[in-house]
Amino acid sequence: MTDVIDGDAVAADIRTEIADCVETLTDAGVEPGLATVLMSDDPASETYVSMKQRDCEEVGIEGIHVEVDPEAPAEELYATIDELNADDAVHGILVQLPVPDHVDEREVLRRISPAKDVDGFHPENVGRLVAGNARFKPCTPHGVLKLLEAYDVETEGADAVVVGRSDIVGKPMANLLIQKAPQGNATVTVCHSRTDDLTSHTRNADIVIAAVGIPEFIDGSMIQEGATVIDVGVNRVEADDGEGTTLVGDVEYDSAADVAGAITPVPGGVGPMTRAMLLYNTVKAAGLQTDVDVELP
Ligand code: GUN
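Residues numbered from 1 in each chain as written. Predicted model: local features only at pLDDT ≥ 70, side-chain atom pairs only at ≥ 80, totals over all residues. Heavy atoms only, no water.

**Some remarks on the site of the ligand**
The ligand sits among Leu 94, Val 95, Gln 96, Leu 97, Asp 119, Phe 121 and Ile 168. Val 95 places a main-chain nitrogen or oxygen 2.8 Å from a nitrogen atom of the ligand. A distance of 2.7 Å separates a nitrogen atom of the ligand from a polar side-chain atom of Asp 119. Relative to its unbound accessible area of 280 Å², the ligand is 79% covered by the protein chains. Taken together, the residues that form the shell around the ligand break down as five nonpolar, one polar and one charged. (Near = heavy atom within 4 Å. Polar contact = N/O pair within 3.5 Å; in protein donor to acceptor, adjacent residues only side chain to side chain. Areas by Shrake-Rupley, 256 points an atom, 1.4 Å probe, with all protein chains shown as cover. Nonpolar A, V, L, I, M, F, W, Y, C, P; charged D, E, K, R; others polar.)

Set out below in C-alpha coordinates:
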(Lines give C-alpha, C1' and ligand atoms only; values in the text may rest on other atoms or scores of the structure.)
Protein backbone atom coordinates (compact mmCIF):
# COMPACT_ATOMS: atom_id res chain seq x y z
CA MET A 1 0.00 0.00 0.00
CA THR A 2 1.27 3.41 -0.92
CA ASP A 3 1.27 5.96 1.90
CA VAL A 4 -0.20 9.26 0.75
CA ILE A 5 1.75 11.86 2.70
CA ASP A 6 -0.74 14.29 4.20
CA GLY A 7 0.96 17.68 4.21
CA ASP A 8 -2.20 19.44 5.32
CA ALA A 9 -2.34 17.35 8.51
CA VAL A 10 1.38 17.66 9.34
CA ALA A 11 1.28 21.41 8.69
CA ALA A 12 -1.80 21.79 10.93
CA ASP A 13 0.07 20.09 13.81
CA ILE A 14 3.06 22.39 13.28
CA ARG A 15 0.81 25.46 13.22
CA THR A 16 -0.71 24.40 16.57
CA GLU A 17 2.78 24.20 18.08
CA ILE A 18 3.73 27.53 16.54
CA ALA A 19 0.65 29.14 18.10
CA ASP A 20 2.08 27.97 21.49
CA CYS A 21 5.41 29.63 20.60
CA VAL A 22 3.55 32.83 19.77
CA GLU A 23 1.92 32.67 23.21
CA THR A 24 5.35 32.30 24.86
CA LEU A 25 6.50 35.40 22.99
CA THR A 26 3.41 37.48 23.77
CA ASP A 27 3.59 36.44 27.47
CA ALA A 28 7.11 37.91 27.39
CA GLY A 29 5.76 41.14 25.86
CA VAL A 30 6.84 40.38 22.28
CA GLU A 31 4.29 40.45 19.47
CA PRO A 32 5.94 38.60 16.57
CA GLY A 33 5.57 40.40 13.23
CA LEU A 34 6.05 39.27 9.64
CA ALA A 35 6.22 41.76 6.76
CA THR A 36 5.39 40.53 3.29
CA VAL A 37 6.38 42.73 0.36
CA LEU A 38 4.83 42.35 -3.06
CA MET A 39 6.18 44.13 -6.14
CA SER A 40 4.20 42.28 -8.77
CA ASP A 41 0.75 42.09 -10.30
CA ASP A 42 1.04 38.38 -11.02
CA PRO A 43 -2.18 36.82 -9.66
CA ALA A 44 -0.32 33.72 -8.39
CA SER A 45 2.12 35.86 -6.38
CA GLU A 46 -0.81 37.91 -5.02
CA THR A 47 -2.52 34.69 -3.92
CA TYR A 48 0.63 33.29 -2.27
CA VAL A 49 1.17 36.48 -0.29
CA SER A 50 -2.43 36.72 0.86
CA MET A 51 -2.30 33.08 2.03
CA LYS A 52 0.83 33.88 4.04
CA GLN A 53 -0.96 36.81 5.67
CA ARG A 54 -3.93 34.59 6.51
CA ASP A 55 -1.60 31.99 8.04
CA CYS A 56 -0.06 34.70 10.28
CA GLU A 57 -3.46 35.75 11.54
CA GLU A 58 -4.40 32.15 12.37
CA VAL A 59 -1.43 31.62 14.72
CA GLY A 60 -1.38 35.14 16.21
CA ILE A 61 1.55 36.61 14.25
CA GLU A 62 1.09 40.27 13.31
CA GLY A 63 1.03 40.41 9.52
CA ILE A 64 2.21 43.58 7.82
CA HIS A 65 1.72 43.76 4.08
CA VAL A 66 3.43 46.30 1.82
CA GLU A 67 2.82 46.66 -1.91
CA VAL A 68 5.27 48.39 -4.20
CA ASP A 69 4.12 49.41 -7.69
CA PRO A 70 5.73 46.94 -10.14
CA GLU A 71 6.51 49.93 -12.42
CA ALA A 72 8.26 51.89 -9.66
CA PRO A 73 12.05 52.28 -9.67
CA ALA A 74 13.99 49.54 -7.86
CA GLU A 75 15.06 52.09 -5.26
CA GLU A 76 11.51 52.20 -3.97
CA LEU A 77 11.68 48.51 -3.09
CA TYR A 78 15.14 48.91 -1.55
CA ALA A 79 13.89 51.84 0.58
CA THR A 80 10.90 49.74 1.73
CA ILE A 81 13.28 46.96 2.82
CA ASP A 82 15.48 49.48 4.66
CA GLU A 83 12.43 50.78 6.56
CA LEU A 84 11.31 47.28 7.53
CA ASN A 85 14.87 46.38 8.62
CA ALA A 86 14.75 49.35 11.01
CA ASP A 87 11.25 48.61 12.35
CA ASP A 88 11.39 46.78 15.73
CA ALA A 89 7.80 45.54 15.29
CA VAL A 90 8.94 43.55 12.23
CA HIS A 91 10.86 40.36 13.04
CA GLY A 92 10.65 38.70 9.62
CA ILE A 93 10.69 40.10 6.08
CA LEU A 94 9.67 38.22 2.95
CA VAL A 95 9.87 39.84 -0.47
CA GLN A 96 7.76 37.70 -2.78
CA LEU A 97 9.81 36.49 -5.77
CA PRO A 98 10.09 36.96 -8.65
CA VAL A 99 10.59 40.72 -8.64
CA PRO A 100 10.28 42.69 -11.91
CA ASP A 101 13.17 42.46 -14.39
CA HIS A 102 14.39 45.99 -13.68
CA VAL A 103 14.97 45.06 -10.01
CA ASP A 104 18.20 43.30 -9.05
CA GLU A 105 17.02 40.21 -7.16
CA ARG A 106 20.47 39.65 -5.63
CA GLU A 107 20.43 43.17 -4.22
CA VAL A 108 16.96 42.54 -2.76
CA LEU A 109 18.13 39.39 -0.99
CA ARG A 110 21.36 41.00 0.21
CA ARG A 111 19.49 44.06 1.49
CA ILE A 112 17.19 42.21 3.89
CA SER A 113 18.75 42.06 7.35
CA PRO A 114 20.07 38.49 7.81
CA ALA A 115 18.39 38.41 11.24
CA LYS A 116 14.99 39.07 9.60
CA ASP A 117 15.56 36.95 6.49
CA VAL A 118 12.89 34.31 7.17
CA ASP A 119 13.30 32.91 3.63
CA GLY A 120 16.93 32.07 4.42
CA PHE A 121 18.07 33.49 1.07
CA HIS A 122 20.56 36.17 2.28
CA PRO A 123 24.14 35.14 1.36
CA GLU A 124 25.07 35.03 5.06
CA ASN A 125 22.23 32.63 5.78
CA VAL A 126 23.01 30.52 2.71
CA GLY A 127 26.62 30.27 3.92
CA ARG A 128 25.52 29.30 7.43
CA LEU A 129 23.25 26.58 6.04
CA VAL A 130 26.02 25.11 3.89
CA ALA A 131 28.39 25.23 6.88
CA GLY A 132 25.90 23.22 8.94
CA ASN A 133 25.03 26.12 11.22
CA ALA A 134 21.71 27.30 9.77
CA ARG A 135 19.89 30.26 11.25
CA PHE A 136 16.83 29.94 8.97
CA LYS A 137 16.34 26.86 6.83
CA PRO A 138 14.53 27.82 3.60
CA CYS A 139 10.85 27.03 4.05
CA THR A 140 10.22 24.47 1.31
CA PRO A 141 13.20 22.18 1.94
CA HIS A 142 12.67 22.52 5.69
CA GLY A 143 9.03 21.51 5.19
CA VAL A 144 10.16 18.47 3.18
CA LEU A 145 12.44 17.38 6.06
CA LYS A 146 9.50 17.70 8.46
CA LEU A 147 7.37 15.51 6.19
CA LEU A 148 10.12 12.86 6.02
CA GLU A 149 10.35 12.97 9.82
CA ALA A 150 6.57 12.74 10.30
CA TYR A 151 6.39 9.65 8.07
CA ASP A 152 9.52 7.98 9.53
CA VAL A 153 11.33 8.03 6.19
CA GLU A 154 14.93 7.03 6.93
CA THR A 155 17.38 9.42 5.29
CA GLU A 156 20.56 8.08 6.90
CA GLY A 157 22.41 6.11 4.25
CA ALA A 158 19.54 6.53 1.79
CA ASP A 159 20.13 7.40 -1.85
CA ALA A 160 18.28 10.66 -2.42
CA VAL A 161 17.90 12.28 -5.82
CA VAL A 162 16.94 15.95 -5.94
CA VAL A 163 15.63 16.91 -9.38
CA GLY A 164 16.07 20.67 -9.67
CA ARG A 165 18.88 23.05 -8.74
CA SER A 166 17.10 26.28 -7.82
CA ASP A 167 18.37 28.54 -5.05
CA ILE A 168 14.94 28.31 -3.39
CA VAL A 169 14.53 24.52 -3.29
CA GLY A 170 17.04 22.27 -5.07
CA LYS A 171 20.32 23.61 -3.69
CA PRO A 172 19.23 24.02 -0.04
CA MET A 173 17.39 20.67 -0.19
CA ALA A 174 20.55 18.86 -1.25
CA ASN A 175 22.60 20.70 1.36
CA LEU A 176 20.22 19.76 4.15
CA LEU A 177 20.03 16.09 3.16
CA ILE A 178 23.84 15.68 3.24
CA GLN A 179 24.27 17.24 6.68
CA LYS A 180 25.33 15.21 9.71
CA ALA A 181 21.98 15.80 11.36
CA PRO A 182 18.54 14.25 11.82
CA GLN A 183 16.87 13.95 8.39
CA GLY A 184 20.37 14.18 6.93
CA ASN A 185 23.19 11.70 6.28
CA ALA A 186 21.77 10.82 2.86
CA THR A 187 23.84 10.21 -0.25
CA VAL A 188 22.57 12.96 -2.51
CA THR A 189 22.58 13.33 -6.28
CA VAL A 190 21.40 16.62 -7.76
CA CYS A 191 19.86 16.27 -11.22
CA HIS A 192 18.21 18.92 -13.39
CA SER A 193 16.61 19.59 -16.75
CA ARG A 194 19.94 19.05 -18.57
CA THR A 195 20.88 15.78 -16.84
CA ASP A 196 21.60 12.96 -19.28
CA ASP A 197 19.56 9.83 -18.66
CA LEU A 198 17.68 11.15 -15.66
CA THR A 199 15.93 7.81 -15.21
CA SER A 200 19.22 6.04 -14.46
CA HIS A 201 19.49 8.29 -11.40
CA THR A 202 15.88 8.40 -10.22
CA ARG A 203 15.36 4.63 -10.67
CA ASN A 204 18.06 3.94 -8.09
CA ALA A 205 16.80 6.44 -5.54
CA ASP A 206 15.20 5.60 -2.21
CA ILE A 207 13.94 9.19 -2.05
CA VAL A 208 13.10 11.33 -5.10
CA ILE A 209 12.48 15.03 -4.58
CA ALA A 210 11.01 16.62 -7.70
CA ALA A 211 11.56 20.37 -7.85
CA VAL A 212 12.22 21.03 -11.51
CA GLY A 213 9.15 23.12 -12.38
CA ILE A 214 8.05 21.00 -15.35
CA PRO A 215 4.51 19.55 -15.19
CA GLU A 216 4.47 15.75 -14.65
CA PHE A 217 8.12 15.47 -15.71
CA ILE A 218 8.71 12.34 -13.62
CA ASP A 219 6.49 9.30 -14.09
CA GLY A 220 6.18 5.88 -12.46
CA SER A 221 8.63 4.24 -14.89
CA MET A 222 11.35 6.47 -13.41
CA ILE A 223 10.67 5.46 -9.78
CA GLN A 224 12.06 2.50 -7.84
CA GLU A 225 9.49 0.20 -6.21
CA GLY A 226 8.84 1.41 -2.66
CA ALA A 227 10.64 4.75 -3.00
CA THR A 228 9.47 7.91 -1.26
CA VAL A 229 8.41 10.55 -3.77
CA ILE A 230 8.22 14.19 -2.70
CA ASP A 231 6.65 16.48 -5.29
CA VAL A 232 7.53 20.14 -4.83
CA GLY A 233 6.07 21.21 -8.19
CA VAL A 234 3.05 23.46 -8.50
CA ASN A 235 2.16 23.87 -12.18
CA ARG A 236 -1.09 25.28 -13.51
CA VAL A 237 -2.10 23.44 -16.70
CA GLU A 238 -5.18 23.10 -18.86
CA ALA A 239 -7.63 20.60 -17.39
CA ASP A 240 -7.97 17.24 -19.23
CA ASP A 241 -11.64 17.95 -19.94
CA GLY A 242 -10.68 21.27 -21.57
CA GLU A 243 -12.66 23.15 -18.89
CA GLY A 244 -10.39 25.71 -17.24
CA THR A 245 -7.13 24.88 -15.50
CA THR A 246 -5.90 22.52 -12.84
CA LEU A 247 -2.83 22.16 -10.59
CA VAL A 248 -0.35 19.36 -11.18
CA GLY A 249 3.05 18.62 -9.70
CA ASP A 250 6.37 17.73 -11.32
CA VAL A 251 5.39 14.08 -10.86
CA GLU A 252 2.74 12.18 -12.82
CA TYR A 253 0.85 11.21 -9.70
CA ASP A 254 -1.12 8.11 -10.72
CA SER A 255 1.74 6.19 -12.32
CA ALA A 256 4.20 7.19 -9.58
CA ALA A 257 1.75 6.28 -6.79
CA ASP A 258 1.47 2.78 -8.31
CA VAL A 259 5.14 2.07 -7.50
CA ALA A 260 6.05 4.47 -4.67
CA GLY A 261 6.05 3.46 -1.03
CA ALA A 262 4.98 6.97 -0.07
CA ILE A 263 4.11 10.02 -2.14
CA THR A 264 2.98 13.61 -1.64
CA PRO A 265 -0.10 14.80 -3.52
CA VAL A 266 -0.42 18.18 -5.26
CA PRO A 267 -2.10 20.09 -3.73
CA GLY A 268 -1.97 19.04 -0.07
CA GLY A 269 1.62 17.79 0.13
CA VAL A 270 4.58 20.15 0.27
CA GLY A 271 2.65 23.44 -0.25
CA PRO A 272 1.08 23.67 3.23
CA MET A 273 4.44 22.73 4.77
CA THR A 274 6.21 25.63 3.03
CA ARG A 275 3.65 27.99 4.54
CA ALA A 276 3.95 26.47 8.03
CA MET A 277 7.75 26.73 7.99
CA LEU A 278 7.53 30.45 7.21
CA LEU A 279 5.62 30.85 10.48
CA TYR A 280 8.28 28.70 12.17
CA ASN A 281 11.08 30.95 10.91
CA THR A 282 9.15 34.05 11.97
CA VAL A 283 8.76 32.92 15.59
CA LYS A 284 12.39 31.80 15.56
CA ALA A 285 13.43 35.26 14.30
CA ALA A 286 11.32 36.99 16.95
CA GLY A 287 12.83 34.81 19.71
CA LEU A 288 16.40 35.42 18.53
CA GLN A 289 15.90 39.17 18.22
CA THR A 290 14.34 39.56 21.67
CA ASP A 291 16.23 36.87 23.63
CA VAL A 292 13.03 35.00 24.41
CA ASP A 293 13.40 31.21 24.45
CA VAL A 294 10.79 29.59 22.19
CA GLU A 295 10.46 25.83 21.98
CA LEU A 296 10.16 25.25 18.26
CA PRO A 297 8.57 22.05 16.96
N1 GUN B 1 8.40 32.72 -4.73
C2 GUN B 1 8.24 31.38 -4.88
N3 GUN B 1 8.66 30.73 -3.77
C4 GUN B 1 9.11 31.68 -2.91
C5 GUN B 1 9.66 31.62 -1.61
O6 GUN B 1 9.85 30.55 -1.00
N7 GUN B 1 9.99 32.83 -1.06
C8 GUN B 1 9.81 34.01 -1.69
N9 GUN B 1 10.18 35.13 -1.07
N10 GUN B 1 9.29 34.08 -2.92
C11 GUN B 1 8.94 32.93 -3.52
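So, next bit.
**With respect to the pairing of strand 2 (residues 33–38)**
Taken across its six residues, strand 2 has six buried, putting it largely inside the fold. Bridging between strand 2 and strand 3 (residues 62–67) involves six bridges; their strand directions are parallel. The residue bridging Thr 36 from the neighbouring strand is His 65, located in strand 3. The parallel pair strand 2 and strand 3 is bridged by helix 2 (residues 43–59), and the resulting crossover is right-handed. Where strand 2 meets strand 4 (residues 92–95), four bridges bridge the pair, whose relative direction is parallel. Residue pairing for strand 4: Thr 36 is matched across the bridge by Leu 94. (Buried < 20%, exposed > 50% of the residue type's maximum accessible area, 1.4 Å probe, protein only. Helix = DSSP H or I, 4+ residues; strand = E, 2+ residues; numbered from the N terminus. Pairing = 2+ DSSP bridges. Right-handed = clockwise from strand over helix to strand, strands pointing away.)

**Side note on the sheet that holds strand 4**
In sheet architecture, strand pairing relies on hydrogen bonds along the backbone and comes in two forms, parallel and antiparallel. Taken together, the three strands give an open sheet; going across it, the order is 3-2-4, and neighbouring strands pair in parallel fashion. Two strands in the sheet have a free side with no partner beyond their single neighbour: strand 3 and strand 4. Averaged over all neighbouring strand pairs, the angle between strand axes comes to 20°, with direction disregarded. Packed onto the sheet, helix 3 (residues 74–86) meets strand 2, strand 3 and strand 4 and runs at close to 165° relative to strand 4. (Axes fitted to C-alpha atoms, helices over the stretch in contact; angles between N-to-C directions. Contact = heavy atoms within 4.5 Å.)

**Here's the deal with the packing of helix 1 (residues 7–27) against helix 10 (residues 270–290)**
With their axes 9 Å apart at the nearest point, helix 1 and helix 10 run at an angle of 15° to one another. With respect to their mutual orientation, helix 1 and helix 10 come out roughly parallel. In this structure, helix 1 crosses over helix 10, and the sense of that crossing is left-handed. Contacts between helix 1 and helix 10 involve Gly 7, Asp 8, Val 10, Ala 11, Ile 14, Arg 15, Ile 18, Cys 21, Val 22 and Leu 25 on the former and, on the latter, Pro 272, Met 273, Ala 276, Met 277, Leu 279, Tyr 280, Val 283, Ala 286, Gly 287 and Thr 290. Grouping the constituent residues of the contact of helix 1 with helix 10 by class yields 15 nonpolar, three polar and two charged. (Parallel < 35°, antiparallel > 145°, perpendicular 65-115°, else oblique. Left-handed = near helix turned anticlockwise from the far one by under 90°.)

**Brief notes about the sheet that holds strand 11 (residues 262–263)**
Pairing within the open sheet is parallel, and its six strands lie in the order 1-11-8-7-5-6. Strands with a single pairing partner mark the edges of an open sheet, and in this sheet they are strand 1 (3–4) and strand 6 (187–191). Of the strand pairs in this sheet, strand 7 (residues 207–210) and strand 8 (residues 228–231) are connected by four bridges, and their pairing is parallel. Bridge pairing in strand 8 links Ile 207 to Thr 228. Across the sheet, helix 7 (residues 170–178) lies against strand 5 (159–163), strand 6 and strand 7, angled at about 170° from strand 5, the strand it touches most.

**A few points about a negative patch on the surface**
Taken together, the side chains of Asp 41, Asp 42, Glu 46, Glu 67, Asp 69, Glu 71 and Glu 76 present a region of like negative charge at the surface. In this structure, Glu 46 sits in helix 2. We classify Glu 46 as partly exposed; its relative accessible area is 37%. (Patch = residues over 30% accessible without salt bridge, like charges linked within 9 Å, V, L, I, M, F, W, Y side chains within 5 Å. Salt bridge = Lys/Arg side-chain N within 4 Å of Asp/Glu carboxyl O. Lys, Arg positive; Asp, Glu negative; His and termini not counted. Charge placed at Lys NZ, Arg CZ, Asp CG, Glu CD.)

**A word on helix 3**
Taking 1.5 Å of rise per residue, 13 residues should cover 18 Å, and helix 3 covers 19 Å from first to last C-alpha, within 8% of that figure. Residues of helix 3 that are buried: Ala 74, Leu 77, Tyr 78, Thr 80, Ile 81 and Leu 84. Projected onto a plane normal to the axis of helix 3, the buried residues spread over an arc of 155° and lie on a single side. Exposed and oriented more than 90 degrees from the buried face of helix 3 are Glu 75, Glu 83 and Ala 86. (Expected span 1.5 Å × (residues − 1). Arc of directions from axis to C-beta.)

**Notes on unusual backbone geometry**
For the peptide bond that leads from Leu 97 to Pro 98, omega is 0°, which places it in the cis range. Note on placement: Pro 98 falls in the loop between strand 4 and helix 4 (105–111). A positive phi is found at Gln 183, a non-glycine position, where the angle reads about 60°. Locating Gln 183 in the fold gives a position in the loop between helix 7 and strand 6. One non-glycine residue, Asp 197, lies in the positive phi region at around 50°. With respect to the element layout, Asp 197 can be found in the loop between strand 6 and helix 8 (198–202).

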